[in-house]
Amino acid sequence: MSQYAWLIPVLPFSSFVAIVFLLKKSKAASAAYALASMVASFVVALGILIEKVQDPKAIEIAVNWLNIPEMGNFRGLNVQMGLLIDPLSAAMLFIVTFIAILVTLFSIGYMEGDEGFSRYFAYLSLFAFSMLGLVVANNYFQMFVFWELVGLSSYLLIGFWYHKPSAADAAQKAFITNRWADFAFMVGIILLFVYFGTFNFAELGPAIEHTKDAAFITLIGILIFIGPVGKSAQFPLHVWLPDAMEGPTPVSAFIHAATMVAAGVYLIARGFILFESSETTMLVIAYIGGFTALFAASIAIVQKDIKRVLAYSTLSQLGYMVMAMGVGSLTAGMFHLTTHAFFKALLFLGAGSVIHAMHHEQDMFKMGALSKKMPVTTWTFVIGSLALAGVFPLAGFWSKDEILLAAQHHNFTGLFVLGVIVAFMTAFYMFRLIFVAFFGEKKSDHHAHETSWLMTLPLVLLSVFAVLAGFLNSPWFYEAFGKSFSTFVFFGEPEIPHLDLGVAGLSTVAALAGIFTAWLIYSRKAIPAESIAKKFSGLYKLLWNKYYIDDFYQWLFDKVMFMTGKALDWVDHHIIDGFFDGFAKLVGFTGSKLRLTQTGALQNYALVIFGAVVFFVLLASTPLLGGVIK
Amino acid sequence: MDFSAVTIEILVALLGLVLLVTGLLLPPDHKKANGYIAVVGLLGILAFSLSGDAGRSGTFLYGLYTLDSLSKYFKEIFMIAAILVILMSLSYTKRFREGKGEYFSILLFALLGMMVMVSSNDFITLYIGLELMTISFVILTAFDRSSLKSSEAGVKYVLLSAMSSAVLLYGLSIFYGLSGTTEYAGFITCLQSGGLGPALILAIVMVLAGFGFKISAVPFHMWSPDIYEGAPTPITAFLATGSKAAGFAVLIRLLLQVLPSQHVNFSGIIIMLAVLTIIVGNLIAIPQKNIKRMLAFSSIAHAGYILLGLVAFTGMGVGAMLYYIFIYIFANAGAFASVTALSNITGSDEIEDFGGMWKRSPLVTAVLMISLLSMAGIPPAAGFVGKFYLFASIIKEGYVWLALVAIGMSVVSLYYYVMVIRVMLTGQVKSDEPVTVPASLKTVMVVSSAATIFLGVYAGPLTSWTSSVASMFVK
């Protein structure tokens, strides 16, 4: 099956090309082709996954893409485009293609009647292609190229409703924030190449293990890690993700569950040997992840927009994954990525269903009592929330446990405690959302109704996975089949799953306490929410404004960068043009402004040229004329 | 005498002269036909040059003039740029009140000047080529006599280039004074005997200033925004691509072939020029409201990136420069063709007039978007491979800090490129009148964006070509 792996990214790409050039006119054909190509990719991915479960040996196929021969002391540059199929990529391919099918299916219902229907499916296919190309990459360069393509296609999708200024702003913000991160990533891989002479993962592995230069490895590791900080929206480059909600909701589901943000975590797993070789890098990764988990969870607590709650929850869960990688457990990070893909896709599509039914109302305080009108959506949403909160025996319980266990096992007590607190907060904000939006009395005059089967079918399918996916890494699964997630995707030695009753008990108590608190405040109204907000108004304001980080960045761009540009432009224009304009007025010349400007500018342009020549001559002759200048 | 080394130049000169005659013979309403003749003729000459029948190497006039892989590469680049510019001009010339026929032949003389510059093996020949190019450009810049801005730009350009030429000539005359010869070969021999002292440095700086003006490196850049804004758009495109490429071609030849022994003396200046150019170009581009001015500053910034190849001062660096210049021509041709398409309809070059462009012309939007993304260095557009190649070449020489500056500023550049894309997608629609794009312009747009994507996705053939050209500079 592995020899057909190239089909996985190529099929969605064919769908992109076909829709753009041939099928654009026919909505049905566009959607059908997109869906069919995703299903075909999924079948191949499934075949590969089964093959890898039986025989986990990595397979690599590659062609030369860019080859600059050796010249003199120049070592030459060889860049490949290839496929690396091992358990890690096989698992990821399965997740991405599976979520892609459901998102496509859901979108057919969600985007119905939109004037950009065909275009939407073209972009969605491009997005899937970019992500799948990234997953199968066998070298850093290819990964970077597809990494950028993921960025570009997410730009197109987030800004899909470009007539909304907020969507255009969000798309731009996502794109540019990510570029800052990619900048460090790019320097990192160039340095990697200069030092080791290859981009290839398999060749780099042993080379990195044998290198003595620890400081250099740390530098490269941190530079490359900045890439995932951007893509996986870790603090301080997280600002784009919540705004990315402006895109169509199925796209948010795709971004949050299986593409874009997962790419960052996947990169850490793919290049794990590089990060693992430096203790400092690992510490940085662990604490950035942990901090993001806490930081984002605290913001999620005060959000009112249903999608924003989910967005900050994604941030927080991504923090968990990154933290798991940082404390040294690739398995825990990837496992949480897997289970999270299912229940976060479920939650987003559920939110999409609600928003669709509410005619694009996203404020949860204007919903209420949806459980009666939309039973399927409601109950699948509750399952997703329970899974996210980590309630036994749903998927999130197992993966969250794995992370907490890893933190405890590697003696990161601080991060362990932080993990438990975040578990409490997660349960709280999810059930705040459920009690407010789905239960209680109607908060506005809405006529919500259950959505069509195209939209509920993915919800039901996903909720099955949200319940069951966790068992993949449970002791029971291992006893029954002699295999588990942790003996499939791992770094170093495979671990056999076990359940630590202390950790499991603690996290369950935290989750239940969160749900109970939410129930007290929002369902029983034992303590009115407003009075809490009033009492801690300073804190509330801080959280509501997302710690003012977005504002800070805005200020940085608007004031600092834009002003510097303006100032330079001003010098270019006013000091030169303006001086002569003003001079002319002063003396009383009333001739044509243009002519005066022209004369003035010319003299000054010339002055700059000659001045620069003199300056450079002096500069260049300093060493020669040493005595004279002194 | 071996004329095979100058066949291409002779053919271009002949074509230019033929156009002068046909320009007079054609009826006033059909002067445009001259453009078609020029395009067909140049395509033929380009094919002839690429086929290799025109000779691969050789010298003319006892070594005053040389044909080698570097000059051949650049001549082919110039011809491609000229063809694109002429196609762009076809719909633009209707604005000119007179001289519609001569326009094309002057354009060819500018092209001839560039070719002479890159092939010359002698300071005087170099200067003649330079002036042929410059004076042709002055005429072209001021060609739109109905526009005040165009005339103003012409006057500014003639005065400022005269000054920069003066500086350059002073430098060249010092070279002659020191060595007693104007030939590169003799000058190199003289340099090897050593001990030319401070006067040599003075001369090198002056030569750098002269060509820094042509490539619009900061602080010799101030002319370019004014002139780019004022000149007819196709000429702006030619200035930004052809003229700049010619400047770089001469710099590569002079610095790496004639003056490599003096590298210690000028390497610091090149680094300073590169850093200043990248930073100032990108920052001033941000607040621009006129797209031609924005593209002018962006082209200043690109000159800075290309200069990085000279900072590296290796075969790889030159290879990266050659590649970058090639793809940069297509990105600019695409961008300026889109601007021409719009200004043909509205007569304006303001960025805000691009509002809602995707509704009026999806083609213009797509082409401008691809071109700008290539300039910003986003894959799969070719600009990404080009930037990667350049940055890798300097990191390889240990200039990590410089690469950080360059990459950082290229992220900054994304602000102003994406701003234009944003306006096209979301801005206020100024009018519902659809933008019709003439076929000639459409050709330029489609060809340049296809090339931009193709060279980004499959860079292999071009990089092997550029590295074989650059292999002559391997130490």
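Residues numbered from 1 in each chain as written. Chains lettered and ligands numbered in written order. Predicted model: local features only at pLDDT ≥ 70, side-chain atom pairs only at ≥ 80, totals over all residues. Heavy atoms only, no water.

**Notes on the overall build of chain B**
Across its full length, chain B holds 19 helices and two strands. Taking 475 residues into account, the globule formula puts the C-alpha radius of gyration at 23 Å, and chain B, at 21 Å, falls close to it. On the principal axes, the C-alpha backbone points of chain B span a range of 70 × 55 × 40 Å. When burial is assessed residue by residue, chain B has 69% of its 475 residues classed as buried. The contacts in chain B between residues at least 6 apart in sequence include a share of 80% that link residues at least 24 apart. Of the roughly 13,900 Å² that chain B leaves accessible, carbon and sulfur atoms contribute 67%. On chain B, the mean spot of the 26 positive side-chain charges and the mean spot of the 22 negative ones are 6 Å from each other. (Helix = DSSP H or I, 4+ residues; strand = E, 2+ residues; numbered from the N terminus. Rg over C-alpha atoms; globule rule 2.2 N^0.38 Å. Buried < 20%, exposed > 50% of the residue type's maximum accessible area, 1.4 Å probe, protein only. Contact = heavy atoms within 4.5 Å. Areas by Shrake-Rupley, 256 points an atom, 1.4 Å probe, with all protein chains shown as cover. Lys, Arg positive; Asp, Glu negative; His and termini not counted. Charge placed at Lys NZ, Arg CZ, Asp CG, Glu CD.)

**Structural notes on the overall build of chain A**
Helix and strand content of chain A: 27 helices and two strands. By sequence separation, contacts in chain A at least 24 residues apart represent 78% of the contacts at least 6 residues apart. Of the accessible surface of chain A, which amounts to about 23,800 Å², a share of 68% is contributed by carbon and sulfur atoms.

**Focus: the packing of aromatic side chains**
The description of an aromatic ring pair rests on the distance of the ring centres and on the angle between the ring planes. All names here are of chain A. In this structure the tally under the stated criterion is 63 aromatic pairs over all chains. For the pair Phe129 and Phe146, a centre-to-centre distance of 5.5 Å together with 75° between the ring planes defines the contact as edge-to-face. Of this pair, Phe129 sits in helix H4 (residues 117–136) while Phe146 is found in helix H5 (residues 140–158), placing the two residues 17 residues apart along the sequence. Judged by relative accessible area, which is 13%, Phe129 ranks as buried. (Phe/Tyr/Trp six-rings, centres within 6.5 Å; stacked < 30°, edge-to-face > 60°.)

**Remarks on the interface of chain B and chain A**
Frequently, the measure chosen for interface size is the accessible area removed from exposure when the parts meet. Listed as interface residues are 74 residues of chain B and, on the opposing side, 63 residues of chain A. Both faces combined, the contact of chain B with chain A buries some 6,600 Å², and carbon together with sulfur accounts for 82% of it. Between chain B and chain A we count zero salt bridges in total. Where chain B packs against chain A, one counts zero residue pairs in polar contact (both at pLDDT 80 or more). Element by element, the count of residues in the side of chain B that touches chain A is highest for helix H17 (residues 400–426) of chain B, at 14 residues. Class assignment of the residues belonging to the side of chain B that touches chain A gives a composition of 55 nonpolar, 13 polar and six charged. (Buried area = accessible area lost by both parts, 1.4 Å probe. Salt bridge = Lys/Arg side-chain N within 4 Å of Asp/Glu carboxyl O. Polar contact = N/O pair within 3.5 Å; in protein donor to acceptor, adjacent residues only side chain to side chain. Nonpolar A, V, L, I, M, F, W, Y, C, P; charged D, E, K, R; others polar.)

**Notes on the domain arrangement of chain A**
According to the domain assignment, chain A consists of domain 1 (2–544) and domain 2 (599–630). Centre-to-centre separation of domain 1 of chain A and domain 2 of chain A, based on C-alpha positions: 56 Å. (Domains from an automatic or database assignment.)

**Digging into the side chain of Lys231(A)**
Residues and elements named next belong to chain A. Along the chain, Lys231 turns up in helix H8 (residues 214–231). Notably, Lys231 is buried but unbridged: the nearest opposite-charge side chain belongs to Asp182, and the N-O separation is 4.1 Å. From its side chain, Lys231 meets the backbone oxygen of Trp147 in a polar contact 3.4 Å long. Every residue in contact with Lys231, bar those within four places of it in the chain, is listed here: Trp147, Val150, Gly151, Asn178, Asp182, Trp240, Met260, Val261 and Gly264.

**Structural notes on the packing of helix H9 (residues 223–230) of chain B against helix H12 (residues 291–312) of chain B**
Residues and elements named next belong to chain B. At a minimum axis distance of 8 Å, the contact between H9 and H12 shows a crossing angle of 140°. Classified by the interaxial angle, the pair formed by H9 and H12 is oblique. Classified by chirality, the crossing of H12 by H9 is right-handed. Residues Ser224, Pro225, Asp226, Tyr228 and Glu229 of H9 form the contact with H12, whose participating residues are Lys292, Arg293, Ala296, Phe297, Ser299 and Ile300. Looking at the contact of H9 with H12 residue by residue, the class counts come to five nonpolar, two polar and four charged. (Axes fitted to C-alpha atoms, helices over the stretch in contact; angles between N-to-C directions. Parallel < 35°, antiparallel > 145°, perpendicular 65-115°, else oblique. Left-handed = near helix turned anticlockwise from the far one by under 90°.)

**Here we look at helix H22 (residues 501–523) of chain A**
The end-to-end C-alpha distance of H22(A), which contains 23 residues, comes to 31 Å, matching closely the 33 Å that a straight helix rising 1.5 Å per residue would cover. Buried residues of H22(A): Val503(A), Ala504(A), Ser507(A), Thr508(A), Ala510(A), Ala511(A), Gly514(A), Ile515(A), Ala518(A), Ile521(A) and Tyr522(A), and no others. (Expected span 1.5 Å × (residues − 1).)

**Details of the environment of Gly492(A)**
You can see Gly492(A) is positioned in the loop between helix H21 (475–481) and H22. Between the C-alpha atoms of Gly492(A) and Ile273(A), which are 219 residues apart in sequence, the distance is 9.6 Å.

**Quick notes on the nonpolar core**
Nonpolar side chains in soluble globular proteins generally cluster together in the buried interior. The biggest cluster of nonpolar side chains holds 427 residues, and the ones touching the most others in it are Ile99(A), Tyr140(A), Met334(A) and Phe74(B). Counting residues per element, this core draws most heavily on helix H13 (residues 315–346) of chain B, at 21 residues. Both domain 1 (2–544) and domain 2 (599–630) of chain A contribute no fewer than three residues apiece to this core. Those residues in contact with Phe74(B) that lie beyond four places of it in its chain are Val118(B), Ala245(B), Ala249(B), Ile252(B), Leu322(B) and Ile325(B). (Core = buried A, V, L, I, M, F, W, Y, C linked by side-chain atoms within 4.5 Å.)

**Looking at the pattern of salt bridges**
All names here are of chain A. Taken as a whole and judged by the stated rule, the model has 11 salt bridges over all chains. A salt bridge links Glu148 to Arg179; the nearest nitrogen and oxygen atoms lie 2.3 Å apart. Of this pair, Glu148 sits in helix H5 while Arg179 sits in helix H6 (residues 165–196), and the two are 31 residues apart along the sequence. On the accessibility criterion, Glu148 (2% relative accessible area) is buried.

**Observations concerning unusual backbone geometry**
A cis amide bond, omega 5°, links Phe235(A) with the succeeding residue Pro236(A). Here Pro236(A) is to be found in the loop between H8 and helix H9 (240–243). Note that the residue after Val218(B), namely Pro219(B), is joined by a cis bond; omega there is 5°. For Pro219(B), the position within the fold is in the loop between helix H8 (198–214) and H9. With a phi close to 50°, Ala233(A) is a non-glycine residue in the positive phi region.

**Quick notes on the confidence of the model for chain B**
Residues and elements named next belong to chain B. Scored by pLDDT, chain B comes out at a mean of 87, with 98% of its residues at no less than 70. Mean pLDDT values for the elements of chain B range from 78 in helix H14 (residues 357–360) up to 94 in helix H5 (residues 123–141). For this predicted complex, the interface confidence score (ipTM) comes to 0.81, while the overall pTM stands at 0.74. (pLDDT = per-residue confidence, 0-100.)

**Description of the environment of Ala312(B)**
Locating Ala312(B) in the fold gives a position in helix H12. Not counting the four nearest positions on each side in its chain, Ala312(B) is found in contact with Gly317(B), Ser393(B), Ile394(B) and Glu397(B).

**Focus on H8(B)**
Residues and elements named next belong to chain B. An ideal rise of 1.5 Å per residue puts 24 Å on 17 residues; H8 measures up with 25 Å between its terminal C-alpha atoms. Of all 17 residues that make up H8, 14 are buried, and the element is covered over most of its length. Immediately downstream of H8, the backbone of Ser216 shows phi near 50°, a positive value.

**Concerning the side chain of Thr456(A)**
All names here are of chain A. With respect to the element layout, Thr456 can be found in helix H20 (residues 453–468). Classification of Thr456 by relative accessible area gives buried; the value is 12%. Once you skip the residues sitting within four places of it in the chain, Thr456 turns out to touch Val376, Glu450 and Thr451.

**Here's the deal with a nonpolar patch on the surface**
Residues and elements named next belong to chain B. Judged by side-chain polarity, Phe3, Ile10, Leu11, Leu14, Leu17, Leu20, Val21, Leu24 and Leu25 come together as a nonpolar surface patch covering roughly 860 Å² of accessible area. Looking at the element boundaries, Leu11 is found in helix H1 (residues 7–25). The exposure class assigned to Leu11 is partly exposed, which follows from its relative accessible area of 30%. (Patch = residues over 30% accessible without salt bridge, like charges linked within 9 Å, V, L, I, M, F, W, Y side chains within 5 Å.)

**With respect to the packing of helix H11 (residues 261–270) of chain A against helix H14 (residues 306–326) of chain A**
Residues and elements named next belong to chain A. At their nearest, the axes of H11 and H14 sit 10 Å apart, and the two run at 5° to each other. Between H11 and H14, the interaxial angle falls into the category roughly parallel. From H11, Val261, Val265, Ile268 and Ala269 reach across to H14, where they touch Leu318, Met321, Val322 and Met325.

**Notes on the confidence of the model for chain A**
For chain A, per-residue confidence averages 79 on the pLDDT scale, and 89% of positions sit at 70 or higher. Within the model, pLDDT remains below 50 along residues 579–600 of chain A, and this stretch shows 17 contacts once partners closer than five positions in the same chain are excluded.

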